[in-house]
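Residue-level structural notes
Next come the chains, spelled out residue by residue.
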Amino acid sequence: MIPADASAVASINLNSLADKAGLNDKQNEGMKQKMMEALKSGMNAAAFQQLEKIMKNPSQSGIDVKAPVFVFTSKTFISPTIVAKVSNIEDLRASLDLMAKEGICQPIAEEEGYSFTSLQKNNLLVFNENAAVLTEAYGTSQMDVAKQTISTLLKQTEENSIASNGSFRKMQDQKGDINFFASMDAVPKMYTQQISLGLSSQIDLSEVKAVGNLNFEKGKIALQIETYSDNAETDALLKKQAQAVKKLNTTFLQNFPESTLAFLNIGVNGAAFYDLLFNNEEFRRNVSLAKADEVKSLFASFDGDISIGLINVTLNSVPTFAAYADAKNGNALKALYDNKKQLKLGKNEDIIQLGENEYVYKSRVTNVFFGIRNKQMYATNDELLYKSISKPVEKSIKDAGYVSDMKGKNVFFVILDLPVVKMMAGFGGEEYQTYYKLASKISYIEAFSDSEGKTETAILLKNKDDNALKQIVDFAKQFAGM
């Protein structure tokens, strides 16, 4: 049913989501009954009887809720299109007849090989005994084109569909509640720019694929993504990108207090990172050949962990941070100081040398102290932190629960608190309090990647016993007074 040229496809397991949301739990029977009583007063007896059947058993709608529902984007449709498996066409017709009587859709019309109806003018639903397709179309001409396109899809063979696509088959092997794949044509430009870093401009980004899944677990929501290419040359370049970062040493954990609000750790291979950048035409245009060796030397001085921590955030001052990096030498800092005139600093800005390998950037807003000690580069905008720089703190993040997730990773980022939400709560008002209550259920948010091109972003909740989706539904019920 899905066209072979689909640039993105998502597979949604409605049955799994319903179970994890707790919709089938006995404790929600009362809520369902309240909903039915509320709807009963505004419906005729036949319509209510059909709706009651569906509420008790969703498969009575005629849609197979145990089969995945697919959403895809394609050049042949103007908007994302939904495909669902039909379990019983007569039940589906009864459901649509109910919707028509309630003015939700138009009466069912017939064409050779399929039936159709429109919902809210611009939504077209086409179905037969096997599948139902919902898409968007504006005006009579678009409706006619969409119907013709869908009627063709209803007849197509597996060999001519997305089923023959290797990325789709890879997606089908994913174990999430929502599985997906996308070629770079369907991915936001901001993300494709990151993916294309270091790739030749002759490479067709449509050859780069992203496959992943979104899964709701006990106390956790996890999004996993893997990028790869079936084209050997493109895949080799993607692997070269991965070589610019290496496994974390977690060298600097002891230097960040346990109260740190957010923490980023990257394992950097400076020389490999420079080679990657040098493959990028725009980078080569901006770096002259005369400066190339100097720039390469600066990049090569970084070899190991780079760690950055957000220490404090207030409404009245610049956020406090600390940063450390494994470095072979202080060449990068000396070059920065020696070339400060080329930086075109403002009237109240300057870089001052405090001592050997010790500097401070001064401005009207803040001072940033930076330098290198024992092959460890540092930077901070807090003078108290500067005075004790590189010294282990008494209670650090090295014993934090998320540290175990850093093992074997190349990049790791964690938000340990949600300072922005806390600040918003200070503004008062019911809306901000709702955001704060929702955020207070989150323990932390983490994101990491490995050398295989796989990334994961996860929201960890304080309640580790209940499924995350159930917790979201329970919060929504509470918010709605149900």
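Structural data are supplied above this passage.
Residues numbered from 1 in each chain as written. Predicted model: local features only at pLDDT ≥ 70, side-chain atom pairs only at ≥ 80, totals over all residues. Heavy atoms only, no water.

1. Some details on the packing of helix α3 (residues 45–56) against helix α4 (residues 89–101)
The interhelical angle for the contact between α3 and α4, taken along N-to-C directions, is 130°, at an axis separation of 10 Å. Judged by the inter-axis angle, α3 sits oblique to α4. The crossing of α3 and α4 is left-handed. The segment α3 lies against α4, with Ala47, Gln50, Leu51 and Ile54 engaging Asp91, Ala94, Ser95 and Leu98. (Axes fitted to C-alpha atoms, helices over the stretch in contact; angles between N-to-C directions. Helix = DSSP H or I, 4+ residues; strand = E, 2+ residues; numbered from the N terminus. Parallel < 35°, antiparallel > 145°, perpendicular 65-115°, else oblique. Left-handed = near helix turned anticlockwise from the far one by under 90°. Contact = heavy atoms within 4.5 Å.)

2. Regarding the environment of Val403
In this fold, Val403 is placed in the loop between α13 (383–387) and β18 (411–415). Under the relative-accessibility criterion, Val403 is labelled buried at 18%. For the pair Val403 and Thr250, spaced 153 residues apart in the sequence, the C-alpha separation amounts to 8.8 Å. With residues near it in sequence (within four places) discarded, Val403 still touches Leu253, Ile397 and Lys398. (Buried < 20%, exposed > 50% of the residue type's maximum accessible area, 1.4 Å probe, protein only.)

3. Topic: the packing of helix α1 (residues 14–21) against helix α16 (residues 468–479)
When two helices pack together, you describe them by how their axes are tilted relative to each other and by the distance separating the axes. Relative to each other, α1 and α16 sit at 65°, their axes nearing to 7 Å. Once α1 is placed against α16, the crossing between them reads as right-handed. Counted together, Leu17, Lys20 and Ala21 of α1 and Leu469, Lys470 and Val473 of α16 form the full contact between these two elements. Split by residue class, the contact of α1 with α16 holds four nonpolar, no polar and two charged. (Nonpolar A, V, L, I, M, F, W, Y, C, P; charged D, E, K, R; others polar.)

4. A short note on the environment of Ile472
Summarising the element assignment, Ile472 is placed in helix α16. Sequence spacing of Ile472 and Leu438 is 34 residues, and the spatial spacing of their C-alpha atoms is 8.7 Å. The contacts of Ile472, once residues within four sequence positions are left out, are Phe216 and Ile221.

5. Remarks on the nonpolar core
Nonpolar side chains tend to gather and get buried jointly when the protein is soluble and globular. By size, the foremost hydrophobic cluster in this structure holds 25 residues, and its most contacted members are Phe256, Phe263, Tyr402, Met406, Phe412 and Val414. Those elements that provide at least two residues to this core are β13 (320–327), β18, β19 (442–449) and β20 (454–461). Setting aside residues no more than four positions away along its own chain, Met406 makes contact with Leu248, Thr250, Leu253, Phe263, Asn265 and Phe412. In this structure, Phe116, Val126, Met143 and Met171 belong to the second largest nonpolar core, which totals 24 residues. (Core = buried A, V, L, I, M, F, W, Y, C linked by side-chain atoms within 4.5 Å.)

6. Digging into α16
In this model, α16 (twelve residues) spans 17 Å end to end at C-alpha, consistent with the 16 Å of a helix rising 1.5 Å per residue. Taken together, the buried positions of α16 are Ala468, Leu469, Lys470, Gln471, Val473, Phe475 and Lys477. (Expected span 1.5 Å × (residues − 1).)

7. Describing unusual backbone geometry
Leaving glycine aside, a negative phi is the common case for residues, and trans is the common case for peptide bonds. Phi is positive for Gln120, close to 50°, though the residue is something other than glycine. With respect to the helices and strands, the residue Gln120 is situated in the loop between β5 (114–119) and β6 (123–127). On the accessibility criterion, Gln120 (66% relative accessible area) is exposed. The phi dihedral of Thr250 is positive, around 50°, even though this residue is not glycine. In this fold, Thr250 is placed in the loop between α8 (232–242) and β11 (262–269).

8. Structural notes on the side chain of Asn467
Relative to the helices and strands, Asn467 resides in the loop between β20 and α16. Within the structure, Asn467 has its side chain in polar contact with the backbone oxygen of Phe216 (distance 3.1 Å). Contacts of Asn467, omitting those with residues within four sequence positions, involve Lys20, Phe216, Glu217, Lys218 and Gly219. (Polar contact = N/O pair within 3.5 Å; in protein donor to acceptor, adjacent residues only side chain to side chain.)

9. Let's talk about the pattern of salt bridges
Any two side chains of opposite charge can pair, on the condition that their charged atoms come close. In the structure shown here, the tally under the stated rule is twelve salt bridges. Across the salt bridge formed by Arg93 and Glu110, the nearest N and O atoms sit 2.9 Å from each other. Of this pair, Arg93 sits in helix α4 while Glu110 sits in strand β4 (residues 109–111), and the two are 17 residues apart along the sequence. When its relative accessible area of 48% is taken as the criterion, Glu110 is described as partly exposed. With its nearest N and O atoms 4.0 Å apart, the salt bridge here joins Lys170 to Glu226. Of this pair, Lys170 sits in helix α6 (residues 166–172) while Glu226 is found in strand β10 (residues 220–229), placing the two residues 56 residues apart along the sequence. Taking relative accessible area as the criterion, Lys170 reaches 29% and is therefore assigned partly exposed. (Salt bridge = Lys/Arg side-chain N within 4 Å of Asp/Glu carboxyl O.)

10. Considering the pairing of β13
Counting buried residues in β13 gives seven out of eight residues, a clear majority hidden from the surface. Note that strand β12 (residues 302–312) and β13 share seven bridges and pair antiparallel. Bridge pairing links Ile306 to Ala325 in β13. Both β13 and strand β17 (residues 376–380) contribute to a ladder of five bridges, which runs antiparallel. Bridge pairing in β17 places Ala325 opposite Met377. (Pairing = 2+ DSSP bridges.)

11. A short note on the packing of aromatic side chains
Scanning all chains against the criterion turns up 13 aromatic pairs. Ring geometry for Tyr114 against Phe116: centres 6.4 Å apart, planes inclined by 50°, an arrangement best described as tilted. On the basis of an interplanar angle of 20° and a centroid distance of 5.4 Å, the ring pair of Tyr359 and Phe370 is categorised as stacked. Placement of the pair is Tyr359 in strand β15 (residues 358–362) and Phe370 in strand β16 (residues 367–373), with a sequence separation of eleven residues. In this structure, Tyr359 and Phe370 share a single accessibility class: buried. Of the aromatic side chains, those joined through ring pairs into one cluster are Phe252, Phe256, Phe263 and Tyr324. One residue, Lys147, lies across the ring of Phe116, its end atom 4.0 Å from the ring centre. One cation-aromatic arrangement involves Lys409 over Phe448; the distance from NZ or CZ to the ring centre is 4.7 Å. (Phe/Tyr/Trp six-rings, centres within 6.5 Å; stacked < 30°, edge-to-face > 60°. Lys NZ or Arg CZ within 6 Å of the ring centre and 35° of its normal.)

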